[in-house]
Amino acid sequence: MANLKSLRIKNKEYVFKSFGNDQEKYPAKVVFNRFPIHGEDFTVLDRVNLFDGVDAGKVDDKNVQKIISDKIINTFLHNLQSGKIDYERFFLECVNRIDNLEYEGIKIKTVLDFWKTIPIDAAHVIADELYRYASERDEFTMGESTA
């Protein structure tokens, strides 16, 4: 009889390496409630057409240039994010809590604390590392049963 064996299963408690955290005496760790399933990638998919949402009947000559320029800028920024990882959604769905982390004296315990408190550039560096770790597949092998 074939026997499925685990070779490597990810730990739900992960000490991230970003910014030298893993070198600290008491490093911060993230506790996952689940890992993404195969094919679940948390990408932002919704690209927007330039003039979606612009009602030409309500645009007067005075405001047309401002409305169009605002729409171009907002569409550009939105589409720039399309295809990128939505780290906040990944955190909300997969991370349970953060242990032993603070920023400028503020303790970070929840996912919402993390996104409200940590500067966005630093948050994305940490989130990217966590996303790559969480997306790694566990390793298994088949062997003969000992029974």
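Scoring rules and cut-offs
- Residues numbered from 1 in each chain as written.
- Predicted model: local features only at pLDDT ≥ 70, side-chain atom pairs only at ≥ 80, totals over all residues.
- Heavy atoms only, no water.
- Helix = DSSP H or I, 4+ residues; strand = E, 2+ residues; numbered from the N terminus.
- Buried < 20%, exposed > 50% of the residue type's maximum accessible area, 1.4 Å probe, protein only.
- Areas by Shrake-Rupley, 256 points an atom, 1.4 Å probe, with all protein chains shown as cover.
- Phe/Tyr/Trp six-rings, centres within 6.5 Å; stacked < 30°, edge-to-face > 60°.
- Pairing = 2+ DSSP bridges.
- Contact = heavy atoms within 4.5 Å.
- Axes fitted to C-alpha atoms, helices over the stretch in contact; angles between N-to-C directions.
- Salt bridge = Lys/Arg side-chain N within 4 Å of Asp/Glu carboxyl O.
- Expected span 1.5 Å × (residues − 1).

(A) Structural view of the overall build of the protein chain. Each helix and strand counted, the protein chain has four helices and seven strands in total. Reading the protein chain from its N end, one meets helices and strands in the order β-β-β-α-α-β-β-β-α-α-β. Expressed as a percentage of its 147 residues, the buried residues of the protein chain come to 29%. When the accessible surface of the protein chain is split by element, carbon and sulfur atoms take 54% of a total near 10300 Å².

(B) Expanded view of the packing of aromatic side chains. Taken as a whole, this structure holds eleven aromatic pairs when the rule is applied. Ring centres of Phe32 and Phe90 lie 6.4 Å apart, and the angle between their planes is 50 degrees; on these two criteria the pair is classed as tilted. With Phe32 in strand β3 (residues 29-32) and Phe90 in helix α2 (residues 87-94), this residue pair connects regions lying 58 residues apart in the sequence. Both rings, one in Phe91 and one in Trp115, keep their centres 5.4 Å apart while their planes meet at 75 degrees; by these two values the pair is edge-to-face.

(C) The sheet that holds β3, seen in detail. Strand order across the open sheet formed by three strands is β2-β3-β4, with antiparallel pairing between neighbours. The strands lining the two open edges of the sheet, one partner per strand, are β2 (13-14) and β4 (95-99). Where α2 meets the sheet, it contacts β3 and β4, and its direction lies at approximately 95 degrees from that of β4. Sitting on the sheet, helix α4 (residues 120-135) touches β2 and β3, and the angle it makes with β3 is about 45 degrees.

(D) Expanded view of the pattern of salt bridges. All told, the structure shown has five salt bridges when counted by the stated rule. Between Asp99 and Arg97 there is a salt bridge, with its nearest N and O atoms 3.0 Å apart. Linked through salt bridges whose partners overlap, the residues forming this network are Arg34, Arg89 and Glu93.

(E) Summary view of α4. For α4, built from 16 residues, the straight-helix expectation of 22 Å at 1.5 Å per residue is met to within 8% by its first-to-last C-alpha distance of 22 Å. Listed as buried for α4 are Ala122, Ala123, Ile126, Ala127, Glu129, Leu130, Tyr131, Tyr133 and Ala134. Tucked inside the fold, the buried residues of α4 contact β2, β3, α2 and α3 (111-117).

(F) Broad picture of unusual backbone geometry. Even without glycine at this site, Asn100 takes up a positive phi of about 65 degrees. Following the sequence through the fold, Asn100 ends up in the loop between β4 and β5 (101-103). Its identity is not glycine, yet Glu104 carries a phi of approximately 45 degrees, on the positive side. Structurally, Glu104 can be placed in the loop between β5 and β6 (106-108).

(G) A look at the side chain of Asn21. Structurally, Asn21 is set in the loop between β2 and β3. The class of Asn21 is buried, set by a relative accessible area of 9%. Discounting chain neighbours no more than four positions away, the residues touching Asn21 are Val15, Phe16, Pro27 and Ala28.

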